Amino acid sequence: MQRDDLNDLHAFSVIAEECNFTKAAARLGMSQSALSHALRRLETRLGIRLLIRTTRNVAPSEAGMRLLARLAPALENIEEGLRAVGNLRETPSGTIRITASEHACDTVLWPVLKDWLPQYPEIEVELSIDQRMTDIVDHRFDAGVRIGEAVAKDMIAVRIGPDLRLIIVGAPSYLDRHGVPKTPQDLISHRGVNLRLLSANTIYSWELEKDGHEVRIKLEGSLIFDSPRMVLRGAMDGFGLAFVNENEAVPHLASGALRQVLSDWTPPFAGYYLYYPSRRQQSAAFSLLVERLRANVRG
């Protein structure tokens, strides 16, 4: 196999994954015309059409699908081989791509990265802030950060943060008007500032627990956000009760802008985990970061 053959096969695989020449060209760092030329060259050598192109989209032909099925594992093996060789360098280097929620980034990732990253000038970390459960394999992330119960069982999961707690809060002005709930059943008569879970496209149910008794609550309300920070903001402005991360609410509880209710129904739970595919060989840079994040929990 000639070098051009390998380059053209790689170009074809990226086009097939992206189903878009513009995105594929940007990912490969080459012009669309050069990418089209590479594909034509490959199709000419093979004597068969690999992609079906219309004015709106691009999709692999039957032959293209068969080639891609064989090609993807081979290209991944090559990438792993290159990473393994790169690990022999004395200075850790490379890009680490991580997807995490904004709260996870604020509380467990950034506090570590801001001190750790300057020690390794050849390591680059790319953080994608997303509330959804992104498929890290499909989107080519090295890892993701989510609470432990949300991590798929086929992933390696490393705890990187302390326990978390979600609490019910409301503005004093709201509680003065509507009263302070004493039991979960009292919540039925209250308004809620709600959070939409983008992954499931549903409103988050408040999960309450006391002495082994679990209750799920959904409150009616006039505000729904897909940002936990805006949920907190809505509660502070008196639009209803909200179910929020305790560490984000603490400053506002201390200032009197918010009051906590039903505290005995909101126990702590296991916090954030870094997760990544078990079958993928990791770079030295990634292994260093994992160990540093793990050490942060051990103290």
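Everything here concerns the structure above.
The structure contained in this document is the topic of the report that follows. Since the model is a prediction, treat every value here as computed from it, not as a measurement.

**Focus: the overall build of the protein**
Next, step 1: Scanning the protein from N- to C-terminus turns up nine helices and 15 strands.
Next, step 2: Against the 2.2 N^0.38 benchmark of 19 Å for 299 residues, the protein shows a C-alpha radius of gyration of 25 Å, more extended than a compact globule.
Next, step 3: Across its three principal axes, the protein shows a C-alpha extent of roughly 75 × 50 × 35 Å.
Next, step 4: Of the contacts made within the protein by residues no fewer than 6 positions apart, 73% connect residues no fewer than 24 positions apart.
Next, step 5: Counting only carbon and sulfur atoms, one obtains 51% of the accessible surface of the protein, whose full area is about 16600 Å².

**Overview of the layout of surface pockets**
Next, step 1: Taken as a whole, the second largest pocket holds about 1000 Å³ of empty space.
Next, step 2: Lining the second largest pocket are 35 residues, with Ile147, Glu149, Leu166, Leu197 and Tyr204 positioned closest to its centre.
Next, step 3: Per-class residue counts for the lining of the second largest pocket are 20 nonpolar, six polar and nine charged.

**Here's the deal with the environment of Leu6**
Next, step 1: Relative to the elements of secondary structure, Leu6 occurs in helix H1 (residues 3–18).
Next, step 2: In this structure Leu6 comes out as partly exposed when scored by relative accessible area, which is 34%.
Next, step 3: Separated by 36 residues in the primary sequence, Leu6 and Leu42 place their C-alpha atoms 9.8 Å from one another.

**A few points about helix H7 (residues 228–236)**
Next, step 1: All buried positions along H7 are accounted for by Val231, Leu232, Gly234 and Ala235. All buried residues of H7 fall inside an arc of 160° around its axis, so they share one side.
Next, step 2: Where H7 is buried, its residues meet strand S7 (166–170), strand S8 (193–197), strand S12 (223–225), strand S13 (242–245) and helix H8 (246–255).
Next, step 3: In the segment just after H7, Gly238 is the residue with positive phi, at about 85°.

**Digging into the pattern of salt bridges**
Next, step 1: The tally for this structure, following the rule as stated, stands at 17 salt bridges.
Next, step 2: Two residues, Glu18 and Arg27, come together in a salt bridge whose shortest N-O distance is 2.9 Å.
Next, step 3: Arg27 sits in the partly exposed class, given a relative accessible area of 34%.
Next, step 4: The partner of Asp264 in a salt bridge is Lys210, and the shortest N-O contact between them spans 2.8 Å. Within this pair, whereas Asp264 is found in the loop between strand S14 (259–261) and strand S15 (272–277), its partner Lys210 is found in strand S10 (residues 206–210), the two being separated by 54 residues in sequence.
Next, step 5: Accessibility expressed as a relative area gives 41% for Asp264, which makes it partly exposed.

**Some words on the packing of helix H2 (residues 21–28) against helix H3 (residues 32–46)**
Next, step 1: Where H2 contacts H3, the axes come no closer than 9 Å and their chain directions differ by 100°. One element, H2, and the other, H3, form an angle in the roughly perpendicular class. Where H2 abuts H3, its residues Phe21, Thr22, Ala24, Ala25 and Leu28 lie against Gln32, Leu35, Ser36 and Leu39.

**A look at the packing of H7 against H8**
Next, step 1: Two numbers describe how H7 lies on H8: the axes approach to 11 Å, and their chain directions differ by 25°. On the basis of the axis angle, H7 is roughly parallel to H8. Crossing geometry of H7 relative to H8 is assigned as right-handed. Along its contact with H7, which presents Pro228, Arg229, Leu232 and Met236, the element H8 presents Glu248, Ala249 and His252.
Next, step 2: Split by residue class, the contact of H7 with H8 holds four nonpolar, one polar and two charged.

**Some words on the packing of aromatic side chains**
Next, step 1: According to the stated counting rule, one finds four aromatic pairs in the structure shown.
Next, step 2: Taking 5.1 Å as the distance between ring centres and 45° as the angle between the ring planes, the aromatic pair formed by Trp116 and Tyr120 counts as tilted. The pair Trp116 / Tyr120 is uniform in exposure class, with both members buried.
Next, step 3: Their ring planes at 20° and their centres at 6.2 Å tell us that Tyr204 and Phe243 sit as a pair that is stacked. On the criterion of sequence distance, the pair formed by Tyr204 in the loop between strand S9 (202–203) and S10 and Phe243 in strand S13 is long-range, its members being 39 residues apart. Each member of the pair, Tyr204 together with Phe243, is buried.
Next, step 4: Here a set of aromatic residues connected by ring pairs shows up, and it is made of Tyr204, Trp206 and Phe243.
Next, step 5: Over the face of the ring belonging to Phe141 we find Arg97, whose NZ or CZ atom lies 4.3 Å from the ring centre.

The rules behind each value
Residues numbered from 1 in each chain as written. Predicted model: local features only at pLDDT ≥ 70, side-chain atom pairs only at ≥ 80, totals over all residues. Heavy atoms only, no water. Helix = DSSP H or I, 4+ residues; strand = E, 2+ residues; numbered from the N terminus. Rg over C-alpha atoms; globule rule 2.2 N^0.38 Å. Contact = heavy atoms within 4.5 Å. Areas by Shrake-Rupley, 256 points an atom, 1.4 Å probe, with all protein chains shown as cover. 1 Å grid on protein atoms, 1.4 Å probe; cavity = no way out; pocket = protein on both sides within 12 Å on 5 of 7 lines; lining within 4 Å. Points joined across faces, edges and corners; volume = space filled by probe spheres on them. Nonpolar A, V, L, I, M, F, W, Y, C, P; charged D, E, K, R; others polar. Buried < 20%, exposed > 50% of the residue type's maximum accessible area, 1.4 Å probe, protein only. Arc of directions from axis to C-beta. Salt bridge = Lys/Arg side-chain N within 4 Å of Asp/Glu carboxyl O. Axes fitted to C-alpha atoms, helices over the stretch in contact; angles between N-to-C directions. Parallel < 35°, antiparallel > 145°, perpendicular 65-115°, else oblique. Left-handed = near helix turned anticlockwise from the far one by under 90°. Phe/Tyr/Trp six-rings, centres within 6.5 Å; stacked < 30°, edge-to-face > 60°. Lys NZ or Arg CZ within 6 Å of the ring centre and 35° of its normal.

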